[in-house]
Amino acid sequence: MNFPLFNFGPRDLAIDLGTANTVVYLRDRGVVIQEPSVVALDLSSGLPKVHAVGEDAKLMLGKTPANIRTVRPLRNGVIADLEVAEQMIKHFLLKALGGGRRVNGKTEVVICVPSGSTSVERRAIRDAASNAGASQVRLIEEPMAAAIGAGLPVADPVGSMVTDIGGGTTEVGVISLQGLAYSASVRVGGDKMDEAIMSYVRRTHTLHIGEMTAERVKKEIGSARVPGGGRGLTIGVKGLHVERGVPREVELSQAEIARALSEPVGRIVHAVREALEHTAPEISADIIDDGITLTGGGSLLRDIDRVIADETGLPVRVADNPMQCVALGAGMTLEDQILRGALQPA
């Protein structure tokens, strides 16, 4: 992806500051950055200095020497390390705006936040963006941004339901007339799925594997339900034998991974069912017709749409471009005066 040395066009941005990935939308240009929310710090001089951010930093996970430390500054959708988060946001802002060493001029930034985040957590996000150089920071709740990005009729008197399965949280929202009639944030998502796989492999195969390996297993053979008629797909994984302390390789089956993922998948399904129980009857009638829309990276887990459909009895679809839906929806509020009503006051 190429960025101009000088950019004199619109400088307003929307950021989906996710636990696993950060997606940046530049006004009138669309999504310009989609990279992992990872920072590598160099500790050689005593004071931590940013060594790499995003894709380059993620490649270092679990493989760094003593003087390099990799940090994921967000946990469960909110900032866990404010200073590192500021550095990461500043890096992505500068990259989106075309380089340079500082953010100049007026730059309005819209940032997505989990619907269940506290006022303290929201203030931390505002402060991080302001300290990174944003002149004005507005927030939008993730279910609303996901619904806008998925093309749901959020401004109409029609009920819609969206479930955004991210890295740190799953956001469930029922939207009508540009407002959230119901929202819930459950701290389970792609990270919990990775942890479940790591725990299963350690418990069942006495093998310790890293986050990157668990994520690869999830993407390649992960499934929300056990496949019929056998073990399904298989994959070889390498790790460290817990008892012997030596490298070892084992073969994992799709059926095993489905069983490993049953707990986090079950929590997501429970959140969806609970949302339906708290939905007003008239809105429920609309949802029966239009069903549930899934967004976020977790929606790409094999068969998760079918599991939710079976458990709710409703049609379930995965949105087009689910990884970018939240950022796209937040970005559209910069360009559409009607949708700006979904933003929270500065």
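Before reading on, note that the structure itself is shown above.
Residues numbered from 1 in each chain as written. Predicted model: local features only at pLDDT ≥ 70, side-chain atom pairs only at ≥ 80, totals over all residues. Heavy atoms only, no water.

Chemist: I'm lost on the pattern of salt bridges in this one. Help?
Modeler: Any two side chains of opposite charge can pair, given that their charged atoms come close. Considering all chains together, one arrives at 15 salt bridges under this definition. Among the salt bridges present, the one from Lys218 reaches Asp194, with a minimum N-O distance of 3.1 Å. Here Lys218 is found in helix 6 (residues 211–221), whereas its partner Asp194 is found in helix 5 (residues 190–205), with 24 residues between them in sequence. Asp194 matches Lys218 in its accessibility class, with the two residues each being buried. Salt-bridge contacts for Arg225 lead to Asp310; the nearest nitrogen and oxygen are separated by 3.1 Å. Taken together, the positions of Arg225 in the loop between helix 6 and strand 15 (234–241) and Asp310 in helix 10 (residues 304–312) put the pair 85 residues apart, joining distant regions of the chain. Residue class for Arg225 comes out partly exposed when judged on its relative accessible area of 32%. Look at the salt bridges and you will find they share partners, linking Arg225, Asp303, Arg306 and Asp310 into a network. (Salt bridge = Lys/Arg side-chain N within 4 Å of Asp/Glu carboxyl O. Helix = DSSP H or I, 4+ residues; strand = E, 2+ residues; numbered from the N terminus. Buried < 20%, exposed > 50% of the residue type's maximum accessible area, 1.4 Å probe, protein only.)

Chemist: How should the sheet that holds strand 14 (residues 207–208) be read in this particular structure?
Modeler: Neighbouring strands of a sheet are bound in pairs by backbone hydrogen bonds; such pairs are parallel or else antiparallel. Read from one edge of the open sheet, three strands run 14-15-16, paired in antiparallel fashion. Two strands close off the open sheet at either side, each with one partner strand: strand 14 and strand 16 (247–253). Where strand 14 meets strand 15, two bridges bridge the pair, whose relative direction is antiparallel. Residue pairing for strand 15: Leu207 is matched across the bridge by His241. Strands in contact with helix 5 are strand 14 and strand 16; relative to strand 16, the strand with the most contacts, it is inclined by about 110 degrees. Packing against the sheet, helix 6 makes contact with strand 15 and strand 16, and its axis sits at approximately 170 degrees to strand 15. (Pairing = 2+ DSSP bridges. Contact = heavy atoms within 4.5 Å. Axes fitted to C-alpha atoms, helices over the stretch in contact; angles between N-to-C directions.)

Chemist: Explain the packing of helix 5 against helix 6 here, please?
Modeler: Each packed pair of helices is defined by two parameters, the angle between the axes and the distance between the axes. Relative to each other, helix 5 and helix 6 sit at 100 degrees, their axes nearing to 9 Å. As far as their axial angle goes, helix 6 and helix 5 are roughly perpendicular. The residues of helix 6 that touch helix 5, namely those facing Gly190, Met193, Asp194, Ile197 and Met198, are Glu211, Ala214, Glu215, Val217 and Lys218. Here the residues of the contact of helix 5 with helix 6 are counted per class, giving five nonpolar, one polar and four charged. (Parallel < 35°, antiparallel > 145°, perpendicular 65-115°, else oblique. Nonpolar A, V, L, I, M, F, W, Y, C, P; charged D, E, K, R; others polar.)

Chemist: Quick question: what am I supposed to make of the environment of Asp28 here?
Modeler: By the secondary structure assignment, Asp28 is in the loop between strand 2 (21–26) and strand 3 (30–36). In this structure Asp28 comes out as exposed when scored by relative accessible area, which is 56%. Between the C-alpha atom of Asp28 and that of Arg11, which follows or precedes it by 17 residues, the distance is 9.4 Å.

Chemist: I keep staring at the side chain of Ser223 and nothing clicks. Help me out?
Modeler: Relative to the elements of secondary structure, Ser223 occurs in the loop between helix 6 and strand 15. Classification of Ser223 as buried rests on a relative accessible area of 2%. Here the side chain of Ser223 touches Arg225 through a polar contact of 2.8 Å, landing on its backbone oxygen. If sequence neighbours within four positions are ignored, Ser223 has contacts with Gln254, Ala258, Leu261, Leu301, Arg302 and Asp303. (Polar contact = N/O pair within 3.5 Å; in protein donor to acceptor, adjacent residues only side chain to side chain.)

Chemist: Explain unusual backbone geometry here, please?
Modeler: A negative phi angle is the norm for most residues apart from glycine, just as the trans form is the norm for most peptide bonds. With a phi angle near 60 degrees, Gln178 is a residue other than glycine that sits in the positive phi range. Structurally, the position occupied by Gln178 is in the loop between strand 12 (170–176) and strand 13 (179–186). If you check the backbone angles, Thr206 has positive phi at about 50 degrees while not being a glycine. The exposure class of Thr206 is partly exposed, given its relative accessible area of 22%.

Chemist: Just to check I follow, could you spell out helix 10 for this structure?
Modeler: Quick reminder: α-helices carry 3.6 residues per turn. Residues three or four places apart thus point the same way. Taken together, the buried positions of helix 10 are Ile304, Val307 and Ile308. Considered in projection along helix 10, the buried side chains sweep an arc of 95 degrees and stay on one side of the axis. Within two residues after helix 10, Gly313 carries a phi angle of roughly 75 degrees, on the positive side. (Arc of directions from axis to C-beta.)

Chemist: Explain helix 3 (residues 119–131) to me, please; I cannot follow it from the model alone.
Modeler: The first and last C-alpha atoms of helix 3 sit 18 Å apart over 13 residues, in line with the 18 Å expected at 1.5 Å per residue. Every buried residue belonging to helix 3 is among Glu121, Arg122, Ala124, Ile125, Ala128 and Ala129, and all of these are buried. In a view along the axis of helix 3, the buried residues occupy a sector of 155 degrees, so they form one face of it. Turned more than 90 degrees away from the buried face of helix 3, the exposed residues are Ser119, Val120 and Asn131. Those residues of helix 3 that are buried are in contact with strand 8 (78–79), helix 2 (82–96), strand 9 (108–113) and strand 10 (136–141). Downstream of helix 3 by one or two residues, Gly133 has phi in the positive range, about 125 degrees. (Expected span 1.5 Å × (residues − 1).)

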